[in-house]
Amino acid sequence: MEELKYKNTGNDSKLKTKDLITLGLYTLLLILLMAVGVGVCAGVFSVLFAGKVYFSIFTPVATAVFAAPAFTLIFNKIKKNYSVFISAFILGLFLLLSGHTAIAFPIAVIGGILAEIFSRKNNEYLSYIFFTLGQIGTVIPMYFMRDVYISHLKARGFSNEKIDFIMTNASLQMFVIIVVTTIIFSVIGTYIGRKIYFKNFEKAGL
């Protein structure tokens, strides 16, 4: 079993300028690792399903594993209140500006609030679960706001054939699968991130 080690916030829990700079760098790293996860997800799905499943709906699942080491750095290295929430807020802005529907931002913020709550309770696993669940706002319109999502895809220049293919994945059963697998892979990602941090980053003083 993993030996649990939690951050010690102590009395100095306020973010300082140097903390904000470090947080920005770690959040950038997190976004870059998310991009790697998306790329890997696209490659794996193209091989396993021969293009019959729209890989983008599993983006929260893929990024849950790949972005975990960066989240572990934020959680354990910065050790300040609001660091997790600010990272989620920045991520929400990134999702909004990168072309996702508007609801992606408030869902990411809600996930960030819950992640911040569990961060203050020193529970990295639950904190990261809610952090990654916040990304599901990118696909929620596909399942619960179909007309809005189809209009969004048309505005982005998707053909009717491409839209029909995407919407074949819009079943409630598929949404449940995404939520459950995101939680599972968030736990796996947190375990991996903590192993990497406590064996490497912490010893190196990073």
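Please read all numbers here as calculations on a predicted model, not as lab measurements.

Conventions used here
- Residues numbered from 1 in each chain as written.
- Predicted model: local features only at pLDDT ≥ 70, side-chain atom pairs only at ≥ 80, totals over all residues.
- Heavy atoms only, no water.
- UniProt positions renumbered as here; feature names shortened; annotations may be inferred.
- Helix = DSSP H or I, 4+ residues; strand = E, 2+ residues; numbered from the N terminus.
- Axes fitted to C-alpha atoms, helices over the stretch in contact; angles between N-to-C directions.
- Parallel < 35°, antiparallel > 145°, perpendicular 65-115°, else oblique.
- Contact = heavy atoms within 4.5 Å.
- Nonpolar A, V, L, I, M, F, W, Y, C, P; charged D, E, K, R; others polar.
- Core = buried A, V, L, I, M, F, W, Y, C linked by side-chain atoms within 4.5 Å.
- Buried < 20%, exposed > 50% of the residue type's maximum accessible area, 1.4 Å probe, protein only.
- Phe/Tyr/Trp six-rings, centres within 6.5 Å; stacked < 30°, edge-to-face > 60°.
- Lys NZ or Arg CZ within 6 Å of the ring centre and 35° of its normal.
- Salt bridge = Lys/Arg side-chain N within 4 Å of Asp/Glu carboxyl O.
- Patch = residues over 30% accessible without salt bridge, like charges linked within 9 Å, V, L, I, M, F, W, Y side chains within 5 Å.
- Areas by Shrake-Rupley, 256 points an atom, 1.4 Å probe, with all protein chains shown as cover.

Draft legend 1. Main features of the UniProt feature "transmembrane region" (unreviewed entry) in the protein. If you check UniProt for "transmembrane region" (unreviewed entry), the listed places come out as residues 20-47, 53-75, 82-113, 125-144 and 165-192 in our numbering. Structurally, residues 125-144 comprises 70% helix and 0% strand, and the distance from its first C-alpha atom to its last is 28 Å.

Draft legend 2. Seen up close, the packing of helix α5 (residues 104-120) against helix α6 (residues 124-133). Put simply, α5 and α6 touch, their axes get as near as 7 Å, and they point 175° apart. In terms of orientation, α5 lies roughly antiparallel with respect to α6. Here α5 contributes Ile 107, Gly 111, Leu 114, Ala 115, Phe 118 and Ser 119 to the contact with α6, which in turn contributes Leu 126, Ser 127, Phe 130, Phe 131 and Leu 133. Here the contact of α5 with α6 is composed, by residue class, of eight nonpolar, three polar and no charged.

Draft legend 3. Region of interest: the nonpolar core. Membership of the largest hydrophobic core comes to 23 residues, with the highest contact counts inside it found for Leu 30, Phe 71, Ile 74, Val 84, Leu 91, Tyr 128 and Phe 131. Of all the elements in the fold, those that place two or more residues in this core are α1 (17-48), α3 (68-78), α4 (83-97), α5, α6 and α10 (172-204). Excluding residues that lie within four positions of it along the chain, Phe 131 makes contacts with Leu 30, Phe 71, Val 84, Ser 87, Ala 88, Leu 91, Gly 111 and Ala 115. Core analysis: the second largest hydrophobic core is formed by 22 residues, Phe 58, Ala 62, Ile 136 and Ile 166 among them.

Draft legend 4. Broad picture of the packing of aromatic side chains. This model, assessed by the stated rule, comprises ten aromatic pairs. Relative to Tyr 128, the ring of Phe 71 has its centre 4.8 Å away and its plane inclined at 40°; by these criteria the two rings are tilted. Separated by 57 residues along the polypeptide, Phe 71 in helix α3 and Tyr 128 in helix α6 bring together distant segments of the chain. Residue classification places Tyr 128 among the buried residues on the basis of a relative accessible area of 1%. Three or more aromatic residues joined by ring pairs make a cluster, and in this case those are Phe 71, Phe 75, Tyr 128 and Phe 131. When the ring centre of Tyr 82 is taken as origin, the NZ or CZ atom of Arg 120, which lies over that ring, is 4.5 Å away.

Draft legend 5. View of unusual backbone geometry. In this structure, Lys 79 is a non-glycine residue whose phi angle is positive, near 60°. Topologically, Lys 79 is positioned in the loop between α3 and α4. For Lys 79, a relative accessible area of 32% translates into the label partly exposed. With phi around 75°, Tyr 82 is a residue other than glycine that occupies positive phi space. Structurally, Tyr 82 can be placed in the loop between α3 and α4.

Draft legend 6. How the structure looks around the pattern of salt bridges. In this structure the tally under the stated criterion is three salt bridges. Measuring nitrogen to oxygen at the nearest pair gives 2.8 Å for the salt bridge that ties Asp 19 to Lys 80. Within this pair, whereas Asp 19 is found in helix α1, its partner Lys 80 is found in the loop between α3 and α4, the two being separated by 61 residues in sequence. Residue Asp 19 shares its accessibility class with Lys 80, and that shared class is buried. Two residues, Arg 120 and Glu 116, come together in a salt bridge whose shortest N-O distance is 2.9 Å. Of this pair, Arg 120 and Glu 116 are both found in helix α5, four residues apart, which corresponds to roughly one turn of the helix. Overall, Arg 120 belongs to the partly exposed group, its relative accessible area being 41%.

Draft legend 7. Representation of a nonpolar patch on the surface. A surface patch of nonpolar side chains, about 790 Å² in accessible area, is lined by Phe 144, Leu 172, Val 176, Val 180, Ile 184, Phe 185, Ile 188, Tyr 191 and Ile 192. With eight residues, the top contributor of residues to the nonpolar patch is α10. With relative accessibility at 35%, the residue Ile 192 sits in the partly exposed group.

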